[in-house]
Structures are given as C-alpha cells and as structure tokens.
Amino acid sequence: MSVHSNPVVSVRGLSKSFVGKTVVSGVTFDLFAGEALALVGENGAGKSTTKNMLCGLLTPTTGTILVNGQTVPKVIGAEHGISAVHQELSLFGSLSVAENICISDLPGAKMRVDWAAAERIAQEQIAFLGIEIDARALVETLGAGKQQIVEIAKALLHASKVLILDEPTTSLTAVEREKLFVIIDKLKARGLAIVFISHFMEEIYRVCDSFVALRDGCQVGQGRLAEVSQRSLEEMMVGRTLEDARVNLAAPSQTPALEVRGLSSSDFKDINLTVHRGEILGIAGLMGAGRTEIAEAIFGLRAAVGEVRIDGKAVPRDVSAMMASGLCYVTEDRRKNGLFLNRPVRENLSAAHIAGFVQRKLRGFGFRGEKARAHDLVSDMNISVPHIENNVSDLSGGNQQKVMLGRWLATNPEILIFDEPTKGVDIGAKFDIHEKIAALAATGKAIIIVSSDLPELLHITHRMLVMRKGRIVGEFLRSDFDSVKIISLAASSNEGGQDAA
Ligand SMILES: Nc1ncnc2c1ncn2[C@@H]1O[C@H](COP(=O)(O)OP(=O)(O)OP(=O)(O)O)[C@@H](O)[C@H]1O
Ligand SMILES: [Mg+2]
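The rules behind each value
- Residues numbered from 1 in each chain as written.
- Chains lettered and ligands numbered in written order.
- Predicted model: local features only at pLDDT ≥ 70, side-chain atom pairs only at ≥ 80, totals over all residues.
- Helix = DSSP H or I, 4+ residues; strand = E, 2+ residues; numbered from the N terminus.
- Rg over C-alpha atoms; globule rule 2.2 N^0.38 Å.
- Contact = placed C-beta atoms within 7 Å.
- Near = placed C-beta within 6 Å.
- Nonpolar A, V, L, I, M, F, W, Y, C, P; charged D, E, K, R; others polar.
- Pairing = 2+ DSSP bridges.
- Axes fitted to C-alpha atoms, helices over the stretch in contact; angles between N-to-C directions.
- Domains from an automatic or database assignment.
- pLDDT = per-residue confidence, 0-100.
- Buried ≥ 20, exposed ≤ 12 C-beta atoms within 10 Å, placed from the backbone.
- Expected span 1.5 Å × (residues − 1).
- Arc of directions from axis to C-beta.

### Quick word on the overall build of the protein chain
In step 1: Along its length, the protein chain carries 18 helices and 24 strands.
In step 2: Expected size for 501 residues packed as a compact globule is a radius of gyration near 23 Å; at 23 Å, the protein chain falls within 12% of this value.
In step 3: Overall, the C-alpha framework of the protein chain stretches about 70 × 55 × 50 Å when taken along its three principal axes.
In step 4: The contacts of the protein chain with a sequence gap of at least 6 include a subset with a gap of at least 24, amounting to 68%.

See below:
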C-alpha cells in the first residue's frame, strides 16, 4: 500500500518492567487496517510481552496506546476490538469446541445459555477457517493443530480491529499453514490489522507488509518488508552477522538400536522401523498422520500391539522399562506433558534425574550438585533466565523449550525420540539444538525426530519416513531428499479436500 490512512492502533514508547528488570523498552509503531505487521526477535526479545500490553493483559510501565487516534488509559481487548491468539494454548480440554469459542460471551438471555446458537456461532467461525472440526467435540480429543485452529476461531470472535497471532503455526503442517495464510489474506481484505509473531522467515515474508524488530526488549529496526532482505532482518534480530552454516552429520553405524515390529493401534497400522546407533531418523507427515501416537506407543504411554526391541532384546512397552533400557521421549506439548510451570528452572532441569542426586552414604539429597548441574545446563543450552530459582512460567516460550530439552539431554539416554524439538525456538537456538542433536548422534546415540518443520528434517536427518493416515508410505535417504515428493506423499492425491502444498 502506498498511501496510508490513519492508523487504527498506535503504540508510543511502550515499556514494561518486571521487578525492576526492563524487558520491553520504548516500542513504537502504527497498525493500519488491511495490513500485517511482523513482530520479530529472538527468544526473550519481548514479543509476547508487547502483545500482552497491546491486548490489555499487561499494563505498560510507561508509554501510551492510541485506538483510532485517541489515547486509551487501559486497553480492554474485547471492547477495543483487539484480540490475540496466545503462544500457549488457553483452552479448556474438558469443554466442547463451541463452549471454548464462545466462552467469554455465551449467547442466550436471562441466565440461560442458548447452546444451539453457541454451536452455530462456533461452527460458522470454524467453517470460515476452512477446517473440519465438530463444534460439539471436546477440545481434549483434538490434536494440537486443531486446538490451534479453535484458538484462532475464538480470538476472531472479538477481533474487529486488530488480531494478534503469537507463533500461530508451530503446531500446523505445511498444508494447514497455507490455509491459515489464505485466511489471514481474507482478514486483511476485510480491513483487519494483523500483528504476526513468528520465528519462520518464509512465513513473515508471505504474510506481512511491515516489521518491527526487537532485541533484548529494544526496538532495533522498523520498516517495510519489501525493502529489507531476510538476511539483514535476521542480523538485526541477533545483532551480529550470520554465516551460512550447515549441520555436518557423521555416518551412522549398521547396528540397530531400536526396532519396532508390527506396531498397531486404532491410530496407526503395522508400523515397522529401525533406527541404528548414530543415526537420526525423521518422521514426516501431516497433522493427524499418527506420528505422535507412534512415539507415545513406543515409549509405553499409549496402548498398542506389536514389538519393540532395544539392542536386539524385546522390551515391554512400559515407560519405566523403556527408560531403564535407555530410551527417552521428549514430548511435543511442553506445557501439558513436560514442564512444571510453577516450579523453579532448577527443579525442572533435574526432574528426570532426581535419583542421581540422592546421596546414599550421606542419606540426603545433593542440593549442591543439583544446583551446579542446573547452572551448567543453563549455560550449555544457552537458556536466558535471570536466575535458576525463577519459575519456568516466567521464561519466554523458546527458553521453556530449551529447559525441557536440557532436562532430557542431561539424563544421557542411548535412544532419544524428539517430538517437535524446536517448536517456538528462534533461529540461533534452533541452530544450537540441531548441532546438539548431531553431536549426540556422532557419539553413537540413536535418534528419532518427529517434526512438522520439513526444512528441519531435511537439514538434520540421515533418513526420513513419511506417514499418512497412520501408515508409513515412503522412505527417503538423505542423498535422495526431495521436499516436493515428500510433501505430496504426506498429503496424498486421492483425498478430498487435502490439497498438497
Ligand atoms: N511475568 C514475568 N516476570 C518476569 N519476567 C518475565 C515475565 N514475563 C516475561 N518475562 C521476561 O521478559 C522477557 C521477554 O519475554 P517474552 O515472552 O516477551 O519474549 P518473546 O520475545 O515472546 O520470546 P519467545 O520467542 O521465546 O516467545 C524474557 O526475558 C522473560 O523471561
Ligand atoms: Mg513469545
């Protein structure tokens, strides 16, 4: 757009401090109807905090927010037409999709909820998003990706001026992402202003018109995306020049570490796979293809029939037996399955290794050892946290992810299954994590990575299996990786509505 009308929302000198520590400082930008602004920066740069001030969840320490040119003393999201999809899902699992979408404003009169109307409203919202979900289904029965769609539908209900999307694509696969981008285009055409937060540069250039770059809470750049290259935008964010670097993978051995034979359940059929020592095996596929379910079944978290062998020996599919045999599973959903949010970083880092700190001779718990190790892990994983006694809930999303990885890496397992290991992690940290995984493989560990981020799998795996609808439908060696072939195999051609990206 060449000529700008008046901004719908402006922020001027927005700052936020928590107990004396300034985490956002002097952020200033305008939002225009029909345009998308990218808020970019590394983990902990202050993106989510800025979002929270913009939608009224946090009160700025200093600075002003103007809506239609008028200063508002306090933003009330619903009232000012500013709504956000947060980085972490905020749904109630035991309520239906319709209840979740309409939760802040249930239709009806005189204390009676009109459930039919709620279902209709919810179904309309979902239909607009172009994804098939039953409004009566309980949210906990949906996968992470569909839950994300429900979040978006819920936020849209109150977003008449501004919709903020905080890393909305981390649980979505290529096809669903593209659908979301089409929806965002529609919303822009309807005159909504979008604030888009993402660590994926391709997404930012696909969706957004302008950008604001943050580093350590400060605004370090601002402008039109058409006028800045991806590389210079990334360098703005990290504050240094970046070199092209590719992960070098060592050749795997021929010794099988983990073998899965004839594994079946209601979610997947007849899965056979082998991972060798020193090998990184990727599992690609669309949301709902059954990848997480397989990982859970191998680890003993989910009922299935079939055999799992570790180092040639059959192991009962039971979590403690698996862990005792050296297998570890790093889950996809760090909030639900992984982290203790209201406990310190130190405890979260040692949670998988408690027995290691028990000092039998002294009949006590080695707090000093635990602390020292927490410090080591924080620096090793490059976790940005003021103190190891801070609660995990105070950390930015990417740093929470690093805490979870650090916890499991420190238990020194022989076989690791990672489910979406770099979900919500910034480019610098992602690179660190990839290097770590490659280094683990080089020491002979066997690794399985389930990821919806195809470039990640192309980058970091020796071999890739492609899944569709609960079955393995293809296998590629690193030398034959072909993203177009992999995507079309995963999306399949003979399914109604599943358009290959
Ligand atoms: N309630 C809080 N108390 C103390 N510090 C906080 C609180 N909330 C956020 N912070 C700190 O503010 C900084 C910015 O966090 P924020 O969540 O805004 O980062 P982000 O840019 O969204 O990062 P990510 O990409 O990892 O999501 C971080 O250092 C974080 O630890
Ligand atoms: Mg964030």
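### Side note on the site of ligand 1
In step 1: Taken together, 19 residues lie around ligand 1, and Asn43, Ser48, Thr49, Ser396 and Gly398 are the ones closest in.
In step 2: Each residue belonging to the shell around ligand 1 can be placed in one class, and the counts come to four nonpolar, 12 polar and three charged.

### What about the sheet that holds strand β16 (residues 305–310)?
In step 1: The antiparallel open sheet is built from four strands, whose spatial order is β14-β13-β16-β17. Strands at the two margins of the open sheet, each flanked by one partner only, are β14 (271–276) and β17 (313–314).
In step 2: Alignment of strand β13 (residues 256–264) against β16, held across five bridges, turns out to be antiparallel. Looking at the pairing, Ser264 lines up with Val305 of β16.

### A few points about the sheet that holds strand β23 (residues 463–468)
Backbone hydrogen bonds hold the strands of a sheet together, and the pairing may be parallel or antiparallel.
In step 1: Pairing within the open sheet is mixed, and its six strands lie in the order β18-β21-β22-β15-β23-β24. A single partner strand is all that each edge strand has here, and the edge strands are β18 (327–330) and β24 (471–477). The sheet shows a mean angle of 20 degrees between the axes of neighbouring strands, taken without regard to direction.
In step 2: Alignment of β18 against strand β21 (residues 415–419), held across four bridges, turns out to be parallel. Bridge pairing in β21 places Cys328 opposite Leu416.
In step 3: Helix-sheet contacts for helix α18 (residues 483–491) involve β15 (280–285), β23 and β24, and the interaxial angle to β23 is about 30 degrees.

### Quick notes on the domain arrangement of the protein chain
In step 1: Partitioning the protein chain into structural domains gives domain 1 (9–238), domain 2 (250–326 + 413–492) and domain 3 (341–412).
In step 2: Summarising the inter-unit geometry, the C-alpha centres of domain 1 and domain 3 are found 31 Å apart.
In step 3: Between domain 1 and domain 3, the contact holds seven residues from the first and six residues from the second.
In step 4: Of the residues belonging to the side of domain 1 that touches domain 3, the class tally is no nonpolar, four polar and three charged.

### Topic: the environment of Ala98
In step 1: Mapping Ala98 onto the fold places it in helix α3 (residues 97–101).
In step 2: Once the C-alpha coordinates of Ala98 and Ile204 are considered, the two residues, 106 residues apart in sequence, prove to be 30 Å apart.
In step 3: If we ignore the near neighbours within four places in the chain, the residues touching Ala98 are Ala118, Glu119, Ala122, Ala135 and Arg136.

### Some details on the confidence of the model for the protein chain
In step 1: For the protein chain, the mean per-residue pLDDT works out to 86, and 92% of the residues sit at or above 70.
In step 2: Across residues 493–501, where pLDDT falls below 50, the model places 13 contacts with residues more than four positions away in sequence or in other chains.

### A look at the environment of Val72
In step 1: Relative to the elements of secondary structure, Val72 occurs in the loop between β5 (70–71) and α2 (77–80).
In step 2: Those residues in contact with Val72 that lie beyond four places of it in its chain are Ile65, Val67 and His80.

### Thoughts on the pairing of β16
In step 1: Relative to β17, β16 is paired through two bridges, and the arrangement is antiparallel. Within β17, the position partnered with Arg309 by the bridge is Ala314.
In step 2: Between β16 and β17, which pair antiparallel in sequence order, lie two residues; one of them, Asp311, sits at a positive phi of approximately 50 degrees.

### Thoughts on the pairing of strand β11 (residues 210–215)
In step 1: Burial analysis of β11 places five of its six residues in the buried class, the great majority of the element.
In step 2: Here four bridges tie strand β3 (residues 36–40) to β11, and the two strands are oriented parallel to one another. Bridging across to β11, Val40 finds its partner in Ala213.
In step 3: Pairing analysis gives six bridges linking β11 to strand β12 (residues 218–224), with the strands arranged antiparallel. Directly across from Val212, in β12, lies its bridge partner Gln222.

### Observations concerning helix α9 (residues 291–299)
In step 1: Within α9, nine of the nine residues are buried, which leaves the element mostly enclosed by the surrounding structure.
In step 2: When we look at burial in α9, the residues that qualify are Arg291, Thr292, Glu293, Ile294, Ala295, Glu296, Ala297, Ile298 and Phe299.
In step 3: Of the residues flanking the end of α9, it is Gly300, one or two places downstream, whose phi is positive at about 95 degrees.

### Looking at helix α16 (residues 427–442)
In step 1: Here α16 spans 22 Å end to end across 16 residues, near enough to the 22 Å set by a 1.5 Å rise per residue.
In step 2: Within the span of α16, buried status applies to Ala429, Lys430, Ile433, His434, Ile437 and Ala441. In a view along the axis of α16, the buried residues occupy a sector of 140 degrees, so they form one face of it.
In step 3: Each element contacted by the buried residues of α16 is listed here: β15, α15 (397–409), β22 (446–450) and α17 (454–460).
In step 4: Looking one or two residues past α16, Gly444 carries a phi angle of roughly 100 degrees, positive in sign.

### Considerations on unusual backbone geometry
In step 1: Positive phi outside glycine occurs at Asn68, with the angle close to 50 degrees.
In step 2: Position of Asn68 among the secondary structure elements: in the loop between β4 (62–67) and β5.
In step 3: The phi dihedral of Asp216 is positive, around 50 degrees, even though this residue is not glycine.
In step 4: Mapping Asp216 onto the fold places it in the loop between β11 and β12.
In step 5: According to the C-beta neighbour criterion, Asp216 is partly exposed, with 16 such atoms within 10 Å.

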